[in-house]
Amino acid sequence: MEENENKMNETGEHVDPVGVPQTENGPADRGVTGAQNDGAQNPWVFRAAAQTQEVPVFAAPAPSAVGPTVASRKSKHRHGGVTAWLIILSVIVFFLFCGFVSVSNQVSDGGASDMLADVMDSCVSISVRTADGRGTGSGVVLSSDGYICTNYHVIENAEEITIYFFNGQSKQAEVIGYSEADDLALLKVDGRGYQAAKIGKSSACRFGERVYAIGTPAGLDYAWTVTQGIVSYPDREMKIYASDGSLQKKMHVIQTDTQVNPGNSGGALFNADGEVIGIVSMKLSGSASGSASGKSSYEGLGFAIQIEGAMEVLNAIKKDGNANGITSPVSSGRPVLGITGVSVEAGKYYLTVGNAIRETTADVYEQNPEQVLAPQATGIYISSVNAGSDAAEKLHIGDIITKVDGISVKDVRQDVWPIINAKSGGDSVRLEVYCSESGKTESVEIILGIQE
């Protein structure tokens, strides 16, 4: 199980899974969370839980008007008396307010403590043994008969999986199935009577809503660590990039400032009612622009897979062993134009070797004109087209793309990819193309495909 250092976000910073396995000599690197059981709910027949209730905000009472503060013309003594009474009244109101807020916080904290005590039995820690060592992660109990969900990257390449429960019990788990694209896996342990998590409604979560995570950061010694925060963004489209800058996939996630660390992957993000609204999956790491240290300067940027989409995928896995038969509500493959292209400039010469092109000289062109390209336009030279794509029907090898959606393009990575990556499969893109056969520039509309 690799640390997936090739994953990057749209700004070029690393997007790290927060549950990559540890080595024998390294820190723990996987895990998190849980939720509570409603006693009757069947998590495999997905039903939206009751609308998430907002946590009451205990606001200070509006200050009462105490009358004008203009000094009386009749007596300085009277003015001083009024002022003194105003000071005394202000002090009384201040201490009453502080006492009210203190009592409110005690009530709020007490409710959270009771809820957390209720959900602990549906939170599990996961120990994974691979050929490279051991790691830790977390999961959520989905049913009383021992189905448990976690992230795929938690159990990737696992040779042995051990589930640890809050009551001290441990069980060996088998993998029922997984979806690598959605970063979800379904596990099963023997037995009955497990406390299932209460499944909530991620579509009901709101900006600023209080949320909690229970995880296993830094290994099993720190299992069932509780962190809290807010929903920073209820429905964030997260772009996952490879090290070469190409888009791998898009995911719909809940963004939260709840502290998540290596070892938190696979557990639940849940609301104040103890309902699971997300499965913790990754965090943003790396250095912000201008950071002198070169160390991670991002804090409070964690992401959880939305529970409604996750349950649809997990139900498909339980039924068929995989989620290939559904259109994933969690992730989507990158949009593709359907061509392979290289940058060329008019007035230069390029030696073609198969699909590869490299710049050469006019002398080489004079000696081997049949092997040398002398482009008549600046842009992206099409060296191949994908069979079955819309581009294959409308574009040809040798054509040069000069504009994409009205924007002049000279470089595939810098100019073309950002435009295509901002779209989805099935969207259209308009190209200005210099046609090698006609010698004319034409406008062509291409329907983007999806790279699964």
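Quantities reported herein were computed from a predicted structural model and do not represent experimental measurements.

A look at the sheet that holds strand β3 (residues 133–141)
Spatial ordering of the open sheet is given by β6-β5-β2-β3-β4-β8-β7, a layout of seven strands whose pairing is antiparallel. In this open sheet, the two edge strands, each paired with only one partner strand, are β6 (170–172) and β7 (174–179). The mean inter-strand angle of the sheet, taken between neighbouring strand axes irrespective of direction, is 30°.

Comments concerning the packing of aromatic side chains
This structure, assessed with the given rule, holds six aromatic pairs. A ring pair is formed by Phe207 and Tyr233, whose centres lie 5.3 Å apart and whose planes are at 85°; its orientation type is edge-to-face. A residue pair is termed long-range when its members are at least 10 positions apart, and Phe207 in the loop between β9 (198–199) and β10 (210–215) and Tyr233 in strand β11 (residues 225–241) qualify at 26 residues. With a relative accessible area of 56%, Phe207 lands in the exposed category. The positively charged end of Lys188 is found above the aromatic ring belonging to Tyr147, 5.4 Å away from the centroid. The lysine or arginine in question, Arg236, covers the ring of Tyr233, its NZ or CZ lying 3.8 Å from the ring centre.

What to know about the nonpolar core
Grouped together as the largest cluster of nonpolar side chains are 39 residues, with contacts concentrated most on Ile214, Phe270, Ile279 and Leu314. For this core, the element with the most residues is helix α3 (residues 307–320), which contributes seven residues. Once residues within four sequence positions are removed from consideration, Ile279 is found in contact with Val140, Cys149, Asn151, Gly266, Gly267, Phe303, Ala304, Ile305, Ile307 and Ala310. Core analysis: the next-biggest nonpolar cluster, separate from the first, contains 18 residues, Leu337, Ile401, Ile420 and Leu431 among them.

Considerations on the pattern of salt bridges
Throughout the structure, instances matching the rule amount to 10 salt bridges. Close ionic contact of Glu160 with Arg129 constitutes a salt bridge, the shortest N to O distance being 3.8 Å. Linking Glu160 in strand β5 (residues 160–164) with Arg129 in strand β2 (residues 123–130), this pair joins segments that are 31 residues apart in sequence. Assessed through its relative accessible area of 29%, Glu160 is described here as partly exposed. With its nearest N and O atoms 3.9 Å apart, the salt bridge here joins Glu160 to Arg134. Here Arg134 lies in strand β3 and Glu160 lies in strand β5, a separation of 26 residues in the sequence. On the basis of relative accessible area, Arg134 is assigned to the partly exposed category, the value being 27%. Here the salt bridges do not stand alone but share partners, grouping Arg129, Arg134, Glu159 and Glu160 into one network.

Cut-offs applied
Residues numbered from 1 in each chain as written. Predicted model: local features only at pLDDT ≥ 70, side-chain atom pairs only at ≥ 80, totals over all residues. Heavy atoms only, no water. Pairing = 2+ DSSP bridges. Helix = DSSP H or I, 4+ residues; strand = E, 2+ residues; numbered from the N terminus. Axes fitted to C-alpha atoms, helices over the stretch in contact; angles between N-to-C directions. Phe/Tyr/Trp six-rings, centres within 6.5 Å; stacked < 30°, edge-to-face > 60°. Buried < 20%, exposed > 50% of the residue type's maximum accessible area, 1.4 Å probe, protein only. Lys NZ or Arg CZ within 6 Å of the ring centre and 35° of its normal. Core = buried A, V, L, I, M, F, W, Y, C linked by side-chain atoms within 4.5 Å. Contact = heavy atoms within 4.5 Å. Salt bridge = Lys/Arg side-chain N within 4 Å of Asp/Glu carboxyl O.

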